[in-house]
Amino acid sequence: MTSSTATETVDVLVIGAGISGIGAARYLSVEHPDKTFAIVEARAAAGGTWDLFRYPGIRSDSDLYTFGYEFKPWRDKEAIADADRILAYLHETIDENGLAEHIRYQHRVVSAAWSSDDARWSVEIDRADTGERVTIKAHWIFCGSGYYRYDEGYTPQFEGRERFRGQIVHPQHWPADLDYEGKRVVVIGSGATAVTLLPALAEKAAHVTMLQRTPTYIIPLPREDAIANALKRFLGDERGYAWTRQKNIAQQRITFEFCQRFPSLARRVIRGVNKSQLPDGYPVDEHFHPPYNPWDQRLCVVPDADLYRTLRKGTTSVVTDRIDTFTENGIRLESGAELDADIIVTATGLNIQVFGGVDMSVDGEPISLPDTVVYRGMMLSGVPNFAMAIGYTNASWTLKVGLLCEYWCRLMGYMDAHGHDTVWAEADPDMPTRPLLDFGAGYVQRAISTLPKQGPEAPWLMSMSYYRDRKVLRHGDVADEFLHFATASETSHRPSEKKSAVV
């Protein structure tokens, strides 16, 4: 990389042009039209997850009435949408809000250094298109890059992998020319990606087997929301969307609360639904009855019961076992059974990489993420003028991100009104903490030690309740005793050492 002497300065730098970054930029442009901003995206296209993943059948596992933005109605008749429709929705949002001119593609953030003297971030960026390293200075950073590592997925070490004579594919790097027509395919995994792949691959493959170590809770939902479509016909797109959004938020919350409060009953209900969809005599408890309670991990949705249809037709099957070794012709299991395969798909999960792996520092001191605590789900203790987007794990991701963006804009407005240019949250060092994502999924457990922490109660608790967050983030006070404000002339030391107004 060659260094560029030109340095750009903006009020806000948004990292990531996926669903979170696009949403944040739209809220910013509407609530603070006088602020300058840029969106930097490491890839060559907008859309984040929905542009990156190209495996067959990729779709949302949340309805678009809640996964979509509150400010932009979802007009499609299908509530559970394929990636191309979601991507079109995101590009419409970019065009309708004039965001395209603000996006800088192939700009990968390498480091971000905060200077209290200047009350600015200095962000080093590698440009893949020109080979330059450029600098953008910003008063604020909004990180909308999510927490997945986009350049590689997670694949465990499989004994004998090199012996397999067929093709091994990870869904995160799906070859555009992969020919699976008439082939025997084994999909390793039981999460959302696997249950999406099975019916999609079955349309052309000779047979598709889902090989899982443990079952996952799977529930069918209609691809089209009949009530939503009726509301849109009678009330129009905007009002129909708003009513449906509230209906579905309530449904999600009721389902989650039911599973949490009555796990044994929820297990029986889900098992009953699965049994009614599976062939007579199917071993439900072996393949569809997880050892953990519902919502200890995220539930998997199958639209229009497509997975069950393929199981009834015999074009797909589920095997619950552990892998002993790959062989020349497939996989030998610990039970001694063998699965023949022409193609093996390792739908074994993703790697977490918080903030895209960016090196961050405050006044020359590196930020150790595990030593920080998250404030209101969007700021890191001791880190000034930095906001991030982490959505719900028990509901649609974007519901939380939208509320965080609203609060973030309110916070900036508060600072402007009171003459502040710096804000940071400060946590009690003796406060007990626990992992940021209190969730049993493997990709979370593998990365626990690298993540920030959360505290035992608000505002340090990662709330997973839309209704509670709406009250606090949209209608509650902007400032509290944990937020510290200052101007650049007052900030000559690290935030945790400063003496400034506590509002």
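All of the points below concern the structure found in this document. Small disclaimer: the values here were computed from a predicted structure and weren't measured.

Moving on to a nonpolar patch on the surface. The grouping of Phe262, Leu265 and Val269 at the surface amounts to a nonpolar patch, some 250 Å² of accessible area in total. Here Phe262 lies in the loop between helix H7 (237-261) and helix H8 (263-277).

This brings us to the environment of Phe386. By secondary structure assignment, the location of Phe386 is in strand S23 (residues 386-388). In the structure, Phe386 is positioned 369 residues away from Ala17 in sequence and 17 Å away in space, judged by C-alpha atoms. Ignoring sequence-local partners within four residues, the contact set of Phe386 consists of Trp121, Trp140, Ile141, Cys143, Phe355, Met360, Met378, Met379 and Leu380.

Judged by nonpolar contacts, the single largest core of 136 residues is most densely connected at Trp140, Val187, Phe386, Trp408 and Leu411. When sequence neighbours within four positions are dropped, the list of residues in contact with Leu411 reads Trp140, Met379, Val423, Val478, Leu483 and Phe485. One finds Phe164, Phe326, Leu339 and Ile344 within the second-largest nonpolar core, a separate group that totals 11 residues.

A few words on the sheet that holds strand S17 (residues 343-346). Sheets are built from strands that pair by backbone hydrogen bonding, the pairs being arranged parallel or antiparallel. Strand order in the open sheet formed by five strands is S8-S17-S9-S10-S13, with parallel pairing between adjacent strands. The open sheet has two edge strands with one neighbour each: strand S8 (167-169) and strand S13 (316-320). Strand-to-strand twist of the sheet, defined as the mean angle between neighbouring strand axes without regard to direction, takes the value 20 degrees. With four bridges connecting them, strand S9 (residues 184-188) and S17 associate as parallel partners. Bridging across to S17, Val186 finds its partner in Ile344. Together, S9, strand S10 (207-212), S13 and S17 form the strand contacts of helix H5 (residues 192-202), whose direction differs from that of S10 by roughly 165 degrees.

Next up on the list: the packing of H7 against helix H13 (residues 466-475). The interhelical angle for the contact between H7 and H13, taken along N-to-C directions, is 125 degrees, at an axis separation of 10 Å. The orientation of H7 with respect to H13, classified from their angle, is oblique. Contacts between H7 and H13 involve Gln246, Ile249, Ala250 and Arg253 from the former and Tyr466, Tyr467 and Arg470 from the latter. Here the residues of the contact of H7 with H13 sort into four nonpolar, one polar and two charged.

Turning next to the pairing of strand S5 (residues 120-127). Across eight bridges, the pairing between strand S4 (residues 107-115) and S5 is antiparallel. The partner of Val109 across the bridge, within S5, is Ile125. In this structure, the hairpin formed by S4 and S5 is closed by a connection of four residues, where Ala119 is found at a positive phi of approximately 55 degrees. In this antiparallel pair of consecutive strands, S5 and strand S6 (residues 132-143), the connection spans four residues, and Gly131 shows a positive phi of 80 degrees.

Structurally, Gln454 is set in strand S26 (residues 453-454). Looking at Gln454, the relative accessible area reads 2%, which means it is buried. For Gln454, the side chain forms a polar contact with the main-chain oxygen of Pro435, separated by 3.0 Å. Among the polar contacts listed, one links the side chain of Gln454 to the backbone nitrogen of Met462, at a separation of 2.8 Å.

With five of five residues buried, strand S2 (residues 37-41) is to be regarded as a mostly interior element. Residues Phe37, Ile39 and Glu41 line one face of S2 and the alternating positions Ala38 and Val40 line the opposite face, and both faces are buried. As paired elements, S2 and strand S3 (residues 103-105) share three bridges and run parallel to each other. Note on S3: the bridge partner recorded for Ile39 is Ile103.

For the rest of this paragraph, the subject is helix H10 (residues 306-313). Asp306, Leu307, Tyr308, Thr310 and Leu311 are the residues of H10 that are buried. Tucked inside the fold, the buried residues of H10 contact H5, strand S11 (218-221), H8, strand S12 (300-303) and S13. Among the residues trailing H10, Gly314 stands out with phi positive, at a value near 90 degrees.

What follows is about the sheet that holds strand S16 (residues 338-340). Taken in spatial order, the three strands of this open sheet run S14-S15-S16, and their pairing is antiparallel. The open sheet is flanked by strand S14 (323-326) and S16, the only strands paired with a single partner. Pairwise comparison of adjacent strand axes, ignoring direction, gives a mean angle of 20 degrees for this sheet.

A full pass over the atoms with the stated rule returns 28 salt bridges. For Arg85, the salt bridge goes to Asp76, with nearest N and O atoms at 2.8 Å. The exposure class assigned to Arg85 is partly exposed, which follows from its relative accessible area of 30%. With a shortest N-O distance of 2.7 Å, Asp126 and Arg133 are connected by a salt bridge. By sharing partners, the salt bridges in this structure join Asp76, Glu78, Asp82, Arg85 and Arg223 into a single network.

Conventions used here
Residues numbered from 1 in each chain as written. Predicted model: local features only at pLDDT ≥ 70, side-chain atom pairs only at ≥ 80, totals over all residues. Heavy atoms only, no water. Patch = residues over 30% accessible without salt bridge, like charges linked within 9 Å, V, L, I, M, F, W, Y side chains within 5 Å. Areas by Shrake-Rupley, 256 points an atom, 1.4 Å probe, with all protein chains shown as cover. Salt bridge = Lys/Arg side-chain N within 4 Å of Asp/Glu carboxyl O. Helix = DSSP H or I, 4+ residues; strand = E, 2+ residues; numbered from the N terminus. Contact = heavy atoms within 4.5 Å. Core = buried A, V, L, I, M, F, W, Y, C linked by side-chain atoms within 4.5 Å. Buried < 20%, exposed > 50% of the residue type's maximum accessible area, 1.4 Å probe, protein only. Pairing = 2+ DSSP bridges. Axes fitted to C-alpha atoms, helices over the stretch in contact; angles between N-to-C directions. Parallel < 35°, antiparallel > 145°, perpendicular 65-115°, else oblique. Nonpolar A, V, L, I, M, F, W, Y, C, P; charged D, E, K, R; others polar. Polar contact = N/O pair within 3.5 Å; in protein donor to acceptor, adjacent residues only side chain to side chain.

That's the geometry; what it means functionally is another story.
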